[in-house]
Amino acid sequence: NPRLDFAGKTVLVTSGPTREAIDPVRFISNRSTGKMGHALARAALARGAKVILVSGPTDLPVPLGVEYVPVTSAEEMYRRVRDYYRDCDVVIGAAAVADYRPRQFSQQKLKKGDSDLVIELTRNPDILAELGKDKGNRILVGFAAETQDLIANAVDKMHKKNLDLLVANDVTLEGAGFGTDTNIVTIISRQGDTTPLPGMAKSDLANVILDRISELF
Ligand code: C5P
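Residues numbered from 1 in each chain as written. Predicted model: local features only at pLDDT ≥ 70, side-chain atom pairs only at ≥ 80, totals over all residues. Heavy atoms only, no water.

1. A closer look at the overall build of the protein chain
Item 1. Per the secondary structure count, the protein chain includes five helices and 14 strands.
Item 2. In terms of C-alpha radius of gyration, the protein chain reaches 18 Å, essentially the compact-globule figure of 17 Å for 217 residues.
Item 3. Looking at the 217 residues of the protein chain, the share that counts as buried comes to 45%.
Item 4. Looking at the protein chain alone, contacts between residues at least 24 apart form 61% of all its contacts between residues at least 6 apart.
Item 5. A total of about 11,300 Å² of accessible surface is found on the protein chain, and carbon and sulfur atoms cover 48% of it.
Item 6. If the 28 positive side-chain charges of the protein chain are averaged to one point and the 28 negative ones to another, these points end up 4 Å apart. (Helix = DSSP H or I, 4+ residues; strand = E, 2+ residues; numbered from the N terminus. Rg over C-alpha atoms; globule rule 2.2 N^0.38 Å. Buried < 20%, exposed > 50% of the residue type's maximum accessible area, 1.4 Å probe, protein only. Contact = heavy atoms within 4.5 Å. Areas by Shrake-Rupley, 256 points an atom, 1.4 Å probe, with all protein chains shown as cover. Lys, Arg positive; Asp, Glu negative; His and termini not counted. Charge placed at Lys NZ, Arg CZ, Asp CG, Glu CD.)

2. Structural notes on the pairing of strand β9 (residues 139-146)
Item 1. Of all the eight residues making up β9, six are buried; the element is thus mostly covered by neighbouring parts of the structure.
Item 2. Bridge count between strand β6 (residues 90-93) and β9: four bridges; the pairing is parallel. Its bridge partner lying in β9, Gly93 is registered against Gly142.
Item 3. Bridge analysis of β9 against strand β10 (residues 165-170) gives six bridges, and the strand direction is parallel. Bridge pairing in β10 places Glu146 opposite Asp170.
Item 4. Following the chain from β9 across helix α4 (residues 150-160) to the adjacent parallel β10, one finds a crossover that is right-handed. (Pairing = 2+ DSSP bridges. Right-handed = clockwise from strand over helix to strand, strands pointing away.)

3. Quick look at the nonpolar core
Item 1. Counting 29 residues, the largest nonpolar core has Val11, Leu40, Ile92, Val141, Ile209 and Ile213 as its most contacted members.
Item 2. Looking at this core, the elements with two or more residues in it are β1 (10-15), α1 (35-46), β4 (50-55), β6, β9, β10, β12 (185-189) and α5 (202-214).
Item 3. Counting residues per element, this core draws most heavily on α1, which supplies six residues.
Item 4. Non-local contacts of Val11, meaning those with residues more than four positions away in its chain, are made with Phe6, Ala44, Ala49, Lys50, Val51, Ile52, Val90 and Ile92.
Item 5. Ile52, Cys88, Leu140 and Ile188 belong to the second-largest nonpolar core, a separate cluster that totals 25 residues. (Core = buried A, V, L, I, M, F, W, Y, C linked by side-chain atoms within 4.5 Å.)

4. Some remarks on α1
Helical geometry: 3.6 residues make up each α-helical turn, so side chains three or four residues apart lie on a common side.
Item 1. Taking 1.5 Å of rise per residue, the twelve residues of α1 would be expected to cover 16 Å, and the 16 Å separating its terminal C-alpha atoms lies within 8% of that figure.
Item 2. By the burial criterion, the buried members of α1 are Met36, Gly37, His38, Ala39, Leu40, Ala41, Ala43 and Ala44.
Item 3. Residue Gly48 follows α1 closely and has a positive phi angle near 100 degrees. (Expected span 1.5 Å × (residues − 1).)

5. A word on the UniProt feature "binding site: CTP" (unreviewed entry) in the protein chain
Item 1. Per the UniProt annotation, the sites labelled "binding site: CTP" (unreviewed entry) are Asp99, Lys109, Pro125, Asp126, Ile127, Leu128, Phe143, Lys157 and Lys161. Taken along the chain, the residues just named run across 63 residues; in space they spread out, the farthest C-alpha pair reaching 37.5 Å. Restricting the annotated residues to those that line the largest pocket leaves Asp99, Pro125, Asp126, Ile127, Leu128, Phe143, Lys157 and Lys161.
Item 2. Topologically, Asp126 is positioned in the loop between β8 (121-123) and α3 (127-132).
Item 3. Polar side-chain contacts of Asp126 include one of 3.4 Å to the backbone nitrogen of Leu128.
Item 4. Position of Phe143 among the secondary structure elements: in strand β9. (UniProt positions renumbered as here; feature names shortened; annotations may be inferred. 1 Å grid on protein atoms, 1.4 Å probe; cavity = no way out; pocket = protein on both sides within 12 Å on 5 of 7 lines; lining within 4 Å. Polar contact = N/O pair within 3.5 Å; in protein donor to acceptor, adjacent residues only side chain to side chain.)

6. Here we look at the site of the ligand
Item 1. In the vicinity of the ligand, the contacting residues are Gly93, Ala95, Val97, Asp99, Pro125, Asp126, Ile127, Leu128, Gly142, Phe143, Lys157 and Lys161.
Item 2. Between the ligand and Ile127 there is a distance of 2.9 Å, counted from a nitrogen atom to a backbone nitrogen or oxygen.
Item 3. Taken by itself the ligand offers 450 Å² of open surface, and the protein chains cover 87% of this.
Item 4. Judged by its atoms lying within 2 Å of the grid points, the ligand is housed in the largest pocket.
Item 5. Counting residues per element, the ones that place at least two in the shell around the ligand are α3 and β9. (Near = heavy atom within 4 Å. Sits in = over half its atoms within 2 Å of the grid points.)

7. What to know about the layout of surface pockets
Item 1. There is about 850 Å³ of room inside the largest pocket.
Item 2. As for the largest pocket, its lining consists of 40 residues, of which Ala95, Ala96, Val97, Phe143 and Ala145 are closest to the centre.
Item 3. Of all the secondary structure elements, the ones that give two or more residues to the lining of the largest pocket are α1, β6, α3, β9 and β10.
Item 4. Looking at which element gives the most residues to the lining of the largest pocket, the answer is β9, with five residues.
Item 5. Here the residues of the lining of the largest pocket sort into 18 nonpolar, 15 polar and seven charged.
Item 6. Of the residues that constitute the lining of the second largest pocket, the class distribution is four nonpolar, two polar and four charged. (Points joined across faces, edges and corners; volume = space filled by probe spheres on them. Nonpolar A, V, L, I, M, F, W, Y, C, P; charged D, E, K, R; others polar.)

Below you can see the structure in the form of structure tokens.
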């Protein structure tokens, strides 16, 4: 991409899943692979941004030239994002942050017994929503993976989290969502427009999302 429309901008991207520990060997997580977040980080870098990539565990190579901040849990992701937030112009929340974590972490490996086991869960911080409370002049972008009422839920989410753009993703469609190299999304803006996009490679979608962000500069 020859355009350096992100020159001078600092872009933080969250990517990948989080892991919420149950005991030293077990955790709760989700199917996110980090492909979308890493594609956004690479594209922003190519367009001249300084990029901070705060990522949960993935098998993806670290894009050369980004400041890479590896994290494990949602709470750790939130703390690290906060460390960098002040100097950010744009935050894109592409991570699939676990909404809940086990209320208790067991220092010892849980033993199996004959009866069922109940693990109590407690809420994790909603990272984007917390950033939205302290938005300043920053541009905040979120993703929403939905299985029903895609647009209505997405618009609701955009306003609740005080976002500028929301990328809504119907994860029931083939070729969309976790683990695929393509995505089929609708981009919703605070201004009220709704743009359905055809299925495309996550790398191309990353540039479409950045086009929409750069219109807001
Ligand atoms: O509310 P929901 O989880 O569907 O919102 C998804 C968006 O919010 C994504 O952009 C995700 O990265 C972000 N999020 C977050 N912290 C959470 C949950 C979601 O930043 N605890």
